[in-house]
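Tertiary structure, described
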Amino acid sequence: DAGVIQSPRHEVTEMGQEVTLRCKPISGHDYLFWYRQTMMRGLELLIYFNNNVPIDDSGMPEDRFSAKMPNASFSTLKIQPSEPRDSAVYFCASSLARDTATNEKLFFGSGTQLSVL
Amino acid sequence: RKEVEQDPGPFNVPEGATVAFNCTYSNSASQSFFWYRQDCRKEPKLLMSVYSSGNEDGRFTAQLNRASQYISLLIRDSKLSDSATYLCVVLDSGGYQKVTFGTGTKLQVIP
């Protein structure tokens, strides 16, 4: 398996532009998570999906952020308009829950390094 | 209070030393616990799960103390390759999982 695939690997954009980050989870995984990591705040959960349905988006910082999962093999995280404080590494992760009580392993993508100038 | 708290470090230890990290969590109903390792500019990767009875994997030992709501990671005979950030992870369940990461403890093993 290729693992979780994220694109782009790096994104440099100007303030006010729209940014779209992409994620392909591991085939068969039914949970997908979007995280943001900064030096100051560490890894923050933004939103997660179960079977393509958004379950908890309380971590999304504001309305400029939106996420979709149109099918089991693809998710996007969009920032519109982007701001310099959005600069961070954005990770996508997926997992397979064998039951509702345990989740043994999160598989992370390589992340997208976003720089908003 | 943060849901999951860790000492950010850095912990600078000589090769061969034993080092221990603690992590506290706020939700007494949390069900599963893990340690992840993250190398610089890389994604986090699972190091080991933490079981109620404690568990060992080679030089690494993880323990859980539910009464005091903390987990620990002990690394014996530290190697240079152990240098990384160690993330404590707590899973809440109840229909759908929510995974919370600590901010990580940085370890630097010195020759």
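Residues numbered from 1 in each chain as written. Chains lettered and ligands numbered in written order. Predicted model: local features only at pLDDT ≥ 70, side-chain atom pairs only at ≥ 80, totals over all residues. Heavy atoms only, no water.

**Some remarks on the environment of Asp7 of chain B**
Residue and element names in this part refer to chain B. For clarity, the cut-off: Here a helix means four or more residues in a row that DSSP labels H or I, a strand means two or more in a row labelled E, and each is numbered from the N terminus. Should any heavy atoms of two residues lie within 4.5 Å, those residues are considered in contact. Within 3.5 Å is the distance limit for a polar contact, defined as a pair of N or O atoms, with the added protein rule that one can donate a hydrogen and the other accept it, and that residues adjacent in sequence qualify only through two side-chain atoms.
Mapped onto the fold, Asp7 is located in the loop between strand 1 (4-6) and strand 2 (11-14). Discounting residues that sit within four places of it in the chain, Asp7 has contacts with Asn22, Gly104 and Thr105. Looking at Asp7, its side chain comes within polar contact range of the main-chain nitrogen of Gly9, at 2.9 Å.

**A short note on the layout of surface pockets**
To keep things clear, this is the line we draw: A pocket, in this scheme, is an open set of points on a 1 Å grid over the protein atoms alone with protein on both sides within 12 Å along at least 5 of 7 lines, while a cavity is a set where a 1.4 Å probe fits but cannot get out; residues line either one if an atom lies within 4 Å of a point. Grid points are joined across faces, edges and corners, and a volume is the space filled by probe spheres set on the points. We call Asp, Glu, Lys and Arg charged. Ala, Val, Leu, Ile, Met, Phe, Trp, Tyr, Cys and Pro are nonpolar, and the rest, Gly among them, are polar.
There is about 910 Å³ of room inside the largest pocket. In terms of lining, the largest pocket is formed by 31 residues, of which the most central are Gln37 and Met39 of chain A together with Gln38, Arg41 and Thr85 of chain B. In terms of residues, the lining of the largest pocket owes the most to one element, strand 11 (residues 105-110) of chain B, which gives 4 residues. Across the lining of the largest pocket, the residue classes tally to 10 nonpolar, 14 polar and 7 charged.

**Here's the deal with unusual backbone geometry**
Short version of the rule: Each residue is assigned to one of three classes by its accessible area relative to the maximum for its type, calculated with a 1.4 Å probe on protein chains only: buried under 20%, partly exposed between the two thresholds, exposed over 50%.
In this model, Ser7 of chain A is joined to Pro8 of chain A through a cis peptide bond whose omega is -10°. Along the chain, the position of Pro8 of chain A falls in the loop between strand 1 (5-7) and strand 2 (10-13). Here Gly9 of chain B and Pro10 of chain B are connected by a cis peptide whose omega angle stands at 10°. In this fold, Pro10 of chain B is placed in the loop between strand 1 and strand 2. Notably, Arg41 of chain B is not glycine yet its phi reads approximately 65°, a positive angle. Checked against the element boundaries, Arg41 of chain B lands in the loop between strand 4 (32-38) and strand 5 (45-50). Taking relative accessible area as the criterion, Arg41 of chain B reaches 74% and is therefore assigned exposed. For Asp77 of chain B, which is not a glycine, the phi torsion comes out positive at approximately 50°. In this fold, Asp77 of chain B is placed in the loop between strand 8 (70-75) and strand 9 (84-92).

**Observations concerning the sheet that holds strand 8 of chain B**
Residues and elements named next belong to chain B. Stated precisely, the cut-off is as follows: A strand pair is defined by DSSP finding two or more bridges across the two strands. Note on method: axes are straight lines fitted to C-alpha atoms, helices fitted across the in-contact stretch only, with angles between N-to-C directions ranging 0 to 180 degrees.
Read across the sheet, 5 strands follow the order 1-3-8-7-6 without closing on themselves; strand pairing throughout is antiparallel. Each edge of the open sheet is held by one strand with a lone partner, namely strand 1 and strand 6 (55-57). Shown here is a sheet whose adjacent strand axes are inclined to one another by a mean of 20°, direction ignored.

**Observations concerning the nonpolar core**
Residue and element names in this part refer to chain B. Defined as follows: Residue types Ala, Val, Leu, Ile, Met, Phe, Trp, Tyr and Cys, when buried and joined through side-chain atoms within 4.5 Å, form a set referred to as a nonpolar core.
Grouped together as the largest cluster of nonpolar side chains are 23 residues, with contacts concentrated most on Phe21, Trp35, Ile71, Leu73, Ile75, Tyr86 and Leu107. Sorting the residues of this core by element identifies strand 3 (19-25), strand 4, strand 5, strand 7 (60-65), strand 8, strand 9 and strand 11 as the ones contributing at least two each. Other than its neighbours up to four places away in sequence, Leu73 contacts Val19, Ala20, Phe21, Trp35, Leu47, Met48, Phe60, Thr61 and Tyr86.

**Some remarks on the side chain of Gln6 of chain A**
All names here are of chain A. When you line up the elements, Gln6 lands in strand 1. Taking relative accessible area as the criterion, Gln6 reaches 10% and is therefore assigned buried. Of note is the side chain of Gln6, whose polar atom sits 2.9 Å from the backbone nitrogen of Cys92. Engagement of the side chain of Gln6 in a polar contact is seen with the backbone nitrogen of Gly111, the distance being 3.0 Å.

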